[in-house]
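# Inside the fold
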Amino acid sequence: MKNPIELFQRFPEIKLKGFILRQINESDFITLKAVFNEKENLKYYHVLPEDKADITRLFRRFIEGYKHKREIDWIIADEKGNNPIGWVTVEFEAKYFLNVVTMTYLIDKNYRRKGIITEAVHSVLTLLSEYQIGYVIAYIELENKASVRVAEKVGFVANKQEGFFDDNVEGGAFRLKWKLNIIDVREHFCSVASYFFQNKDYEKSIEVFQQALEEDENVGSPYSNLQIYSNIGMALSSLGNYEDAYNVLKQVHDYGFTNASIERELNWLRTNHPYVCR
């Protein structure tokens, strides 16, 4: 998979049937202001008070965000590149040895229910799937049924336990966290943790294995909780933390997960450190 930094070497324009996703420029400002003048368009798209006073501040941040490799803002326009009617934004963050993306999108009320925003979002996600990105997040208000439908159609899933009240916007808003995995995040963390283990950085290896445990376990995956705990036990033993290593490996074994490495390590601990093997 490609490094996301390549997305900032040349703007990744996306051409679709009947319209195009392209880079914003200052000649778009007048038309985009008209989009913002429609109250209905901003019902769920919240902007800072200072941006409301001068909306071009937001548009300029779109331009600067790409220059500084923080975000990509695609303008949705007709196939000739004219008449901007909305946009899709993705913001990048490096988190726990993983690239994470937050997505927002908006389309003018006169172009809704035509499938345009769904196709635009889907095309951006298709592009992102070619890059080393763990997952994409969208924070959507409960009442924003149109955005919810878009998220569902393109594969996002909401965890109702991860709802939160956003008091950073005027009047506040209750949102759900919608998530779309690009890669198997648990597998990614296990791969990173194994790298640290092989390079004898056992503390960092344990830290990343623990991060893997926070991701959902897929049925039938080789990266089960018990497999990960066994790896943590091995790392603890390599650190000389023999009592914790024995307790972890013994519990993994008692739950029915074992292999030659676990048996060998348990026997070694019983032979060389019998005082910790209770």
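Residues numbered from 1 in each chain as written. Predicted model: local features only at pLDDT ≥ 70, side-chain atom pairs only at ≥ 80, totals over all residues. Heavy atoms only, no water.

## A short note on the overall build of the protein
- The helix and strand tally for the protein stands at ten helices and eight strands.
- Rg of the C-alpha trace for the protein: 24 Å, well past the compact-globule value of 19 Å for 278 residues, more than 25% over.
- For the protein, the spread of C-alpha atoms along the principal axes amounts to about 75 × 40 × 35 Å.
- Burial status across the protein gives 45% buried among its 278 residues.
- Pairs at least 24 apart in sequence give 61% of the contacts found in the protein among residues at least 6 apart.
- Total accessible area on the protein is roughly 15,500 Å²; 47% of this is exposed by carbon and sulfur atoms.
- Looking at the protein, you have 35 positive and 40 negative side-chain charges, and the mean spots of the two groups are 5 Å apart. (Helix = DSSP H or I, 4+ residues; strand = E, 2+ residues; numbered from the N terminus. Rg over C-alpha atoms; globule rule 2.2 N^0.38 Å. Buried < 20%, exposed > 50% of the residue type's maximum accessible area, 1.4 Å probe, protein only. Contact = heavy atoms within 4.5 Å. Areas by Shrake-Rupley, 256 points an atom, 1.4 Å probe, with all protein chains shown as cover. Lys, Arg positive; Asp, Glu negative; His and termini not counted. Charge placed at Lys NZ, Arg CZ, Asp CG, Glu CD.)

## Remarks on the packing of helix 7 (residues 202–213) against helix 8 (residues 225–238)
- Packing of helix 7 against helix 8 brings their axes to within 9 Å, and their N-to-C directions diverge by 165 degrees. Relative to helix 8, the element helix 7 lies roughly antiparallel. Considering only the axes of helix 7 and helix 8, their crossing is left-handed. Along the contact surface, helix 7 presents Tyr202, Ile206, Phe209, Gln210, Ala212 and Leu213, while helix 8 presents Asn225, Ile228, Tyr229, Asn231, Ile232, Ala235, Leu236 and Ser238.
- Its residues placed into classes, the contact of helix 7 with helix 8 shows ten nonpolar, four polar and no charged. (Axes fitted to C-alpha atoms, helices over the stretch in contact; angles between N-to-C directions. Parallel < 35°, antiparallel > 145°, perpendicular 65-115°, else oblique. Left-handed = near helix turned anticlockwise from the far one by under 90°. Nonpolar A, V, L, I, M, F, W, Y, C, P; charged D, E, K, R; others polar.)

## Some words on the pattern of salt bridges
- The tally for this structure, following the rule as stated, stands at six salt bridges.
- Among the salt bridges present, the one from Lys2 reaches Glu130, with a minimum N-O distance of 3.1 Å. Taken together, the residues Lys2 in the segment before strand 1 (14–16) and Glu130 in the loop between helix 4 (116–128) and strand 6 (135–141) connect sequence positions 128 residues apart. (Salt bridge = Lys/Arg side-chain N within 4 Å of Asp/Glu carboxyl O.)

## Quick notes on the sheet that holds strand 1
- Strand order in this open sheet of eight strands is 1-2-3-4-5-6-8-7, and the pairing throughout is mixed. Edge positions in the open sheet fall to strand 1 and strand 7 (157–166), since each of these has one partner strand only. Between one strand axis and the next, the sheet turns through 25 degrees on average, direction left out of account.
- Bridge analysis of strand 3 (residues 71–78) against strand 4 (residues 86–94) gives six bridges, and the strand direction is antiparallel. When the sheet's bridge partners are listed, Asp73 is paired in strand 4 with Thr89.
- Where helix 4 meets the sheet, it contacts strand 1, strand 2 (19–23), strand 3, strand 4, strand 5 (99–107), strand 6 and strand 8 (173–181), and its direction lies at approximately 160 degrees from that of strand 5. (Pairing = 2+ DSSP bridges.)

## A look at the pairing of strand 8
- Of the pairings in the sheet, the one linking strand 6 to strand 8 comprises seven bridges and is antiparallel in character. From the neighbouring strand, Val136 faces strand 8, where its bridge partner is Leu180.
- Examined bridge by bridge, strand 7 and strand 8 share six bridges and lie antiparallel to one another. Counted as the bridge partner of Asp166 is Ala173 from strand 8.

## Quick look at the nonpolar core
- In this structure, Trp74, Val88, Met103, Tyr105, Val121, Val124 and Phe156 are the most contacted members of the largest nonpolar core, which totals 60 residues.
- Element by element, the count of residues in this core is highest for helix 4, at eight residues.
- Discounting residues that sit within four places of it in the chain, Val88 has contacts with Ile72, Asp73, Trp74, Ile76, Met103, Thr104, Tyr105, Ile117, Ala120, Val121 and Val124.
- Grouped together as the second largest cluster of nonpolar side chains are 15 residues, Phe36, Leu58, Ile75 and Trp87 included. (Core = buried A, V, L, I, M, F, W, Y, C linked by side-chain atoms within 4.5 Å.)

## Here we look at the pairing of strand 6
- With six of seven residues buried, strand 6 is to be regarded as a mostly interior element.
- Here strand 5 runs beside strand 6; their pairing, made up of three bridges, is parallel. Opposite Val101, over in strand 6, you have Val136 as the bridge partner.
- Handedness of the crossover is the feature at issue here: the chain leaves strand 5, passes through helix 4, returns alongside strand 6, and the resulting connection is right-handed. (Right-handed = clockwise from strand over helix to strand, strands pointing away.)

## A short note on the side chain of Ser224
- With respect to the secondary-structure elements, Ser224 resides in the loop between helix 7 and helix 8.
- Take Ser224: its relative accessible area is 15%, and that puts it in the buried class.
- When neighbours within four sequence positions are excluded, Ser224 is seen to be in contact with Arg186 and Glu217.

## A few points about the packing of aromatic side chains
- In total, this model carries 13 aromatic pairs according to the counting rule given.
- Taken together, a centroid distance of 5.5 Å and an interplanar angle of 70 degrees make the contact between Phe8 and Phe92 edge-to-face. In this pair, Phe8 is assigned in the segment before strand 1 and Phe92 in strand 4, connecting sequence segments 84 residues apart.
- Its relative accessible area of 10% is what places Phe8 among the buried residues.
- Counting every residue linked through ring pairs, the aromatic cluster contains Phe8, Phe11, Tyr66, Trp74 and Phe92. (Phe/Tyr/Trp six-rings, centres within 6.5 Å; stacked < 30°, edge-to-face > 60°.)

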